[in-house]
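Residue-level structure breakdown
Residue-level listing of the chains:
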Amino acid sequence: MRETPSFPIMNSSKPLRSEIWFNDKKEPGETAIYIERFTNYGITREELQTARPIIGIAQTGSDISPCNRIHLQLASRVKDGIRDAGGVPFEFPVHPIQESCRRPTAALDRNLAYLGLVEILCGYPFDGVVLTTGCDKTTPACLMAAATANLPAIVLSGGPMLDSYIDGKLAGSGSVLWEARRLVAQGRISESELVDRVVRTIPSAGHCNTMGTALSMNSLAEVLGMSLPGCATIPAPYAERAKMAYETGKRIVEMVREDLTPSRILTRDAFENAIVATSAIGGSTNCPPNVTAIARHAGIDLSVQDWEDIGHAVHLLVNVAPAGAFLGEGYHRAGGVPAVVGELMQAGKIHANAMTVTGKTIGENYRNSRSLDHNVIRTYAEPLKEKAGLLVLSGNLFDSALMKTSVISDDFRRRYLSEPGAEGCFTARAIVFDGPEDYRARIEDPSLEIDETCMLVVRGAGPIGYPGSAEVVNMTPPGHLIQAGVGMLPCLGDGRQSGTSESPSILNASPEAAAGGNLAILRTGDRIRVDMPNRRADVLLTDDEIRLRREGLVPVELRNDSPWQELYRAHTGQLDTGACLEFAVKYRDLRKVVPRHSH
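Just so you know, these numbers come straight off a predicted model, no measurement behind them.

1. Focus: the sheet that holds strand β2 (residues 88-93)
The strands making up a sheet associate through hydrogen bonds between their backbones, and the pairing can be parallel or antiparallel. The strand order across the open sheet formed by 4 strands is β2-β1-β3-β4, and the pairing between neighbours is parallel. Pairing within the sheet leaves two strands with one partner each, and these edge strands are β2 and β4 (153-157). Each strand of the sheet is rotated relative to its neighbour by a mean of 25°, with strand direction disregarded. In this structure, strand β1 (residues 54-59) lies alongside strand β3 (residues 128-133), joined through 4 bridges in parallel fashion. Counted as the bridge partner of G56 is V129 from β3.

Listed below in structure tokens is the structure:
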């Protein structure tokens, strides 16, 4: 039988938040009510009343959240760490998020999970919380809630899957789908084989092993200072992952005693570090709306333009798909986030004084970290690609949109960005689709006469129009073009793009068509001029023609399929400002609120 460790008790002059529930000397009758029902599964009054930090474990794993399901096992090691450090763990569920299965889109659930988690952290007797993250939206949802509540909080990511292979070659989860679609269009594999190929890239527990949104956002959680060093990249099945869970459980108890809260960690410097790291890792275009949402809930002013101003000139260091060749295991073995931050710090690109959950600065944590494999994580002096961050475009179709430059291939650059005397510019004929269903129904329609001089445009896919914003901008060309060797056309849309896609689309166009953006007036056959050096994308119409088209617009009738969709549409902003619930961003530091008694 394990010996119970000794541990320091909180100073009685500064009671724990949980004591408002469990040890209220003025209201013993209320205290009795709060304690009594917990005892029905064996917890004791002594555990709850001896000033031990009460630690929540925000459980995002479930059978319908397979990318996070590893946390069902990891939670026991988190509990061990909490107990050994002198805390009392309470595991509770978070609204599930499943990126690839939730219809119409998991983006709806980020804000819903945020709301639910905020209410739990504020309404229950927690002194601190372990945030279990993994698949795309769970990471921002948890961090948004932590920023709002401002209880001591720490992120335990679930980790990527093991590396996957097809025909003996690395084939990343998510990314293989886009290639398989092209192979179907070429007639080289059947639709049944497409499904088999995709399934073969799911070799183990964990989230995507490519630098999709999941690995990007968990890497950024560590860069923001909200995870222990090295946490983000440990593959889910590795023994290191369970060890990290134990250390995370121990550390959250210490953070409660130190009163180390998210407001001390999620500073402007931390968010600028995250923008720099996004460029260096080739992070997903879903990072800007998610990180911006976290910043807004933390009270930090972070604009969409910051993503270019701070991040565009930063070099790509991480050679992981879709911008590179390797996958998650290689990224981890090469040193993961610590190596990336260490290399960036050497180049003077990191605010080294930003605080982290260790109680030390990011500089203290990572100053001596370096890449262990320069094939996977490059030095800043010898990057995979120079100036590889995001571009922020504007024009007469939208106020802002993003373009990921790290995935611009040599073939795409040759076809569209290499006109002598007009490098970085091209003009294309728009082929307009009203949502992904319209795209799938008509992409092979010969009457559209789609050729390599065309741009595929999807609208009605933003936060309000879809609703929730859909990952639909990475559109595959029609089969006859793929067979002719054109594997990618320029794409534009007011929706998002999968982080596993290699398409350099113009996306997150804000305002979206459903919110009054000029994508609503665009017609098939219009010509669009993209001018990357001047950060412009414009439809070649006169101002008078644009005005006349706007006057003739018929409002789109939006159908809500659930109560939450109606509430979401009524209160959610645009992608450029994080697609937050606009009424929610004013709520801060809710740990200071003493909830009313319930009886």
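2. Section: the pattern of salt bridges
Counting across every chain of the model gives 33 salt bridges. Between R102 and D109 there is a salt bridge, and its shortest N-O distance comes to 2.8 Å. For D109, a relative accessible area of 2% puts it in the buried group. The partner of R415 in a salt bridge is E452, and the shortest N-O contact between them spans 2.7 Å. In this pair, R415 sits in helix α18 (residues 410-416) while E452 sits in the loop between α19 (436-442) and β10 (454-459), placing the two residues 37 residues apart along the sequence.

3. Notes on the confidence of the model for the protein chain
Per-residue pLDDT for the protein chain averages 95, and the proportion of residues at 70 or more is 98%. In the predicted structure, residues 1-12 sits below a pLDDT of 50 and forms 15 contacts with residues beyond four places in sequence or in another chain.

4. Overview of the packing of helix α9 (residues 213-223) against helix α12 (residues 268-281)
For the pair α9 and α12, the least separation of the axes is 9 Å and the interaxial angle reads 140°. One way to sum up the angle between α9 and α12 is to call them oblique. At the point where α9 passes α12, the crossing takes the right-handed sense. Together, S216, S219, L220 and V223 of α9 and N273, A274, A277, T278 and I281 of α12 make up the contact between the two elements. Along the lines of polarity and charge, the residues of the contact of α9 with α12 split into 5 nonpolar, 4 polar and no charged.

What counts and what doesn't
Residues numbered from 1 in each chain as written. Predicted model: local features only at pLDDT ≥ 70, side-chain atom pairs only at ≥ 80, totals over all residues. Heavy atoms only, no water. Pairing = 2+ DSSP bridges. Helix = DSSP H or I, 4+ residues; strand = E, 2+ residues; numbered from the N terminus. Axes fitted to C-alpha atoms, helices over the stretch in contact; angles between N-to-C directions. Salt bridge = Lys/Arg side-chain N within 4 Å of Asp/Glu carboxyl O. Buried < 20%, exposed > 50% of the residue type's maximum accessible area, 1.4 Å probe, protein only. pLDDT = per-residue confidence, 0-100. Contact = heavy atoms within 4.5 Å. Parallel < 35°, antiparallel > 145°, perpendicular 65-115°, else oblique. Left-handed = near helix turned anticlockwise from the far one by under 90°. Nonpolar A, V, L, I, M, F, W, Y, C, P; charged D, E, K, R; others polar.

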